[in-house]
Amino acid sequence: MTYSGFRVFTQGLTGNKGWTKAWRQPDPKTEYDIVIIGGGGHGLSTAYYLAKNHGLKNIAVLEKGYLGGGNVGRNTTIVRANYFLQGNSEFYSHSLKLWEGLESELNYNVMHSQRGLINLFHSDGQRDAFARRGNAMLAQGDDAELLDREGVRKILPYLDYDQARFPIYGGLYHRRGGSARHDAVAWGFARGADRRGVDLIQNCEVTGIDVANGKVTGVQTTRGPIRAKKVAMVAAGRSSQVAAMAGMRLPIESHILQAFVTEGLKPVIDHVISFGMGHFYISQSDKGGLVFGGDLDFYASYAARGNLPMVEHVMEAGMTLMPMIGRAKVLRSWGGIMDMSPDGSPIIDKTHIDGLFVNCGWNYGGFKAVPASGWCLAHLMATGEPHPVAAKFRLDRFRTGRNIMDEEGTGSQHNLH
Amino acid sequence: MRIPCPCCGDRDRREYTYYGAADFLDRPAEDAGLEAWDNYLHLRDNPAGVTRDLWYHDPCQSWVEVERNTVTHEVLSTRFVSAKAGASA
């Protein structure tokens, strides 16, 4: 069923009785050409682009829970292309371009809203760093504008410009940045993949990866064994456990990143804003809730909930930047499980096992990467060659020391990101 | 989260600085080769369950090895890193 405004209108007049299921609930077959482990944003977009761009048919996505029940629904939904380093910048640039056409591509309203992203800076040194980042974004072909203090005040009059401790010097304005509806992205790719014949199999946990003579031959699951010619591990948040089934140790440490949402309020924050002197970024959802987050709790965890010290830090940073939000009531908080790689950049690569691919290490960048991550992994799986914009996301870059992509410039070590 | 320091007893998580997995205690020899160093610096078991990692307790300036559960945040045991023979962290 193709969705349209006209269909919403006619369904509204006829009691909404004509809607059909967005995807099938197939039982797993005993054999597929390609099996994707993980039915989150990245796994679903990989399946979609395998079918769409490469014309492949015999594909299954195996999800241990329900589609989109993991990290794709546990983030702050920010979409941007403001990376500095070669390797990252062309990838996220490609991803943002895919986002810009995603709704017509998928025939699905993912509520992508390019409301503009403003990264604030609070010192001369930060201004220089953001000017340099802005130049890198322009060189990549994306958009960036450096705003001075008055320029920021014009757009964001409600910030606290009087406080002396963290004065607002200006901001880097990325007009094409914004946000999207997280669940809808997963659902849109799921529906698109299903319509192209991909089997989406839920409640099907992979319990083993079969390898014979250095080549992957299939997977063991809670719903029986499934043979496959190619298998992709796309399970960020549980990457290490999945890879361990293939006898691999990944350069990944799992950490908690917390986020928060308030009660619904009238529209007040029209952009995505990040504070440069504390870990705090905020936007307002279409439902009215203020959605904001902070930094990692900074210790390895799979608990999907955080600890109070970081809650306190985020609230303090928010109050420092925009005291007007102090009366809003926080409704809930959650934690996403982040695949942290040593340099803070992701991995899309083959493994030492023939036919086994890995997509992991998304750090803070997983949500906005959903379209391009699937696009590039699909390209790698179908052609055997890395896609040009993801060619630097190598699994072995830490071992070889080549093409380390350390955006923060803090060093390529686990405890530094 | 509270972590019992072998010196000071139960202390708030904020008194500690996290360093990383206890893999850092098994530093290979300088000539151990690429794989051993890659293993030491980058590759991790990263278990969802019981793990051992290193925390620095700022008030008493001690390195503490903590055995804890990454799913429940339960702390199972702690000891001074210096209690481990050959430790170099």
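**Student:** Lay out the interface of chain B and chain A in plain terms, naming residues and giving numbers.
**Tutor:** Contacts between the two partners involve 22 residues from chain B, matched on the other side by 22 residues from chain A. For the side of chain B that touches chain A, the secondary-structure elements that each account for two or more residues are strand E3 (16-21), helix H1 (34-41) and strand E4 (50-57) of chain B. The biggest single contributor to the side of chain B that touches chain A is E3 of chain B, with four residues. Split into classes, the residues belonging to the side of chain B that touches chain A amount to nine nonpolar, seven polar and six charged.

**Student:** Describe the packing of helix H2 (residues 41-54) of chain A against helix H10 (residues 370-383) of chain A, with residues and values.
**Tutor:** Residue and element names in this part refer to chain A. Across the interface, H2 lies against H10 with an axial gap of 7 Å and an inter-helix angle of 55 degrees. When the axes of H2 and H10 are compared, the pair comes out oblique. Seen from above, H2 lies across H10 with right-handed handedness. Taking contact as the criterion, the partners of Gly41, His42, Ser45, Thr46, Tyr48, Tyr49, Leu50, Asn53 and His54 in H2 are, on H10, Val370, Pro371, Ser373, Gly374, Trp375, Leu377, Ala378, Met381 and Ala382. Class assignment of the residues belonging to the contact of H2 with H10 gives a composition of 10 nonpolar, eight polar and no charged.

**Student:** I'd love a proper account of the domain arrangement of chain A, names of residues and values included.
**Tutor:** Residue and element names in this part refer to chain A. Per the domain assignment, the segments making up chain A are domain 1 (24-75 + 183-251 + 343-416) and domain 2 (114-176 + 253-340). For domain 1 and domain 2, the distance between their C-alpha centroids amounts to 29 Å. Each partner contributes to the interface: domain 1 provides 13 residues, whereas domain 2 provides nine residues.

**Student:** Mind laying out the nonpolar core, listing which residues take part and the relevant values?
**Tutor:** Core analysis: the biggest nonpolar cluster contains 118 residues, and Val35, Ile37, Ala47, Val61 and Ala193 of chain A have the highest contact counts within it. With eight residues, the single largest contributor to this core is H10 of chain A. When residues of this core are assigned to domains, at least three fall in each of domain 1 (24-75 + 183-251 + 343-416) and domain 2 (114-176 + 253-340) of chain A. Excluding residues within four positions of it along the chain, valine 35 of chain A makes contact with Ala60, Leu62, Val219, Ile226, Ala228 and Val231 of chain A. By size, the runner-up hydrophobic cluster in this structure holds seven residues, among which are Cys5, Tyr16, Trp55 and Val64 of chain B.

**Student:** Kindly report on the sheet that holds strand E6 (residues 170-174) of chain A, identifying the contributing residues and their values.
**Tutor:** All names here are of chain A. Overall, mixed pairing links the eight strands, which are arranged E5-E6-E4-E13-E14-E15-E12-E16 in an open sheet. Only two strands of the sheet have a single neighbouring strand rather than two, namely strand E5 (145-148) and strand E16 (330-340). The average angle at which neighbouring strand axes cross in this sheet is 25 degrees, direction not considered. Across 10 bridges, strand E12 (residues 253-264) lies against E16 in antiparallel orientation. Across the sheet, alanine 259 pairs through a bridge with tryptophan 334, a residue of E16. Of the strands in this sheet, strand E4 (117-121), E5 and E6 touch helix H5 (residues 124-140), which is tilted by about 15 degrees from E6. Its contacts with the sheet put helix H9 (residues 308-321) on E12, strand E13 (272-275), strand E14 (280-284), strand E15 (289-300) and E16, and the angle it makes with E15 is roughly 135 degrees.

**Student:** Go over helix H1 (residues 5-13) of chain A with me, naming the residues and quoting the values.
**Tutor:** Burial runs low along H1 of chain A: only zero of the nine residues are buried. Of the residues trailing H1 of chain A, glycine 15 of chain A is marked for its positive phi of about 75 degrees.

**Student:** An account of the packing of helix H3 (residues 88-100) of chain A against H10 of chain A is needed here, citing residue identities and associated values.
**Tutor:** All names here are of chain A. Orientation of H3 relative to H10, taken along the N-to-C sense of each, is 110 degrees, at an axis distance of 7 Å. Here H3 is positioned roughly perpendicular relative to H10, judged by the angle of their axes. Contacts between H3 and H10 involve Phe91, His94, Ser95, Leu98 and Trp99 from the former and Pro371, Ala372 and Trp375 from the latter.

**Student:** Give a description of the pairing of strand E18 (residues 356-360) of chain A that names residues and reports values.
**Tutor:** All names here are of chain A. For E18, a buried count of five out of five residues is recorded, marking the element as mostly surrounded by other parts of the structure. Both faces of E18 are covered, namely the face carrying Leu356, Val358 and Cys360 and the face carrying Phe357 and Asn359. Strand direction decides the pairing type here: strand E11 (residues 226-233) and E18, joined by three bridges, are parallel. For alanine 232, the partnering residue across the bridge sits in E18 and is phenylalanine 357. Here four bridges tie strand E17 (residues 347-350) to E18, and the two strands are oriented antiparallel to one another. Looking at E18, one finds that lysine 350 is bridged to phenylalanine 357.

**Student:** Can you tell me about unusual backbone geometry, naming the residues and giving the values?
**Tutor:** The general pattern is negative phi for most residues beyond glycine and trans for most peptide bonds. The backbone of alanine 304 of chain A shows a phi angle near 60 degrees, a positive value even though the residue is not glycine. By the element assignment, alanine 304 of chain A lies in the loop between E15 and H9. Owing to 16 C-beta atoms within 10 Å, alanine 304 of chain A belongs among the partly exposed residues under this scheme. The backbone of histidine 73 of chain B sits at a positive phi, close to 65 degrees, despite the residue not being glycine. Tracing the chain through its elements places histidine 73 of chain B in the loop between strand E5 (62-69) and strand E6 (75-80).

**Student:** Can you break down the confidence of the model for chain B residue by residue, with the values?
**Tutor:** Averaged over every residue, the pLDDT of chain B is 92; residues scoring 70 or more account for 93%. In the model output, the complex is listed with pTM 0.96 alongside ipTM 0.92.

**Student:** Give a detailed account of the sheet that holds E4 of chain B, specifying residues and quantitative values.
**Tutor:** Residue and element names in this part refer to chain B. Spatially, the four strands line up as an open sheet ordered E3-E4-E5-E6, and their pairing is antiparallel. At either margin of the open sheet sits one strand with a lone partner, and together these are E3 and E6. Taking the axes of each pair of neighbouring strands and ignoring which way they run, one obtains an average angle of 30 degrees across the sheet. Bridge analysis of E3 against E4 gives five bridges, and the strand direction is antiparallel. Residue pairing across strands places threonine 17 opposite tyrosine 56, the latter belonging to E4.

How each quantity is defined
Residues numbered from 1 in each chain as written. Chains lettered and ligands numbered in written order. Predicted model: local features only at pLDDT ≥ 70, side-chain atom pairs only at ≥ 80, totals over all residues. Contact = placed C-beta atoms within 7 Å. Helix = DSSP H or I, 4+ residues; strand = E, 2+ residues; numbered from the N terminus. Nonpolar A, V, L, I, M, F, W, Y, C, P; charged D, E, K, R; others polar. Axes fitted to C-alpha atoms, helices over the stretch in contact; angles between N-to-C directions. Parallel < 35°, antiparallel > 145°, perpendicular 65-115°, else oblique. Left-handed = near helix turned anticlockwise from the far one by under 90°. Domains from an automatic or database assignment. Core = buried A, V, L, I, M, F, W, Y, C linked by C-beta atoms within 7 Å. Buried ≥ 20, exposed ≤ 12 C-beta atoms within 10 Å, placed from the backbone. Pairing = 2+ DSSP bridges. pLDDT = per-residue confidence, 0-100.

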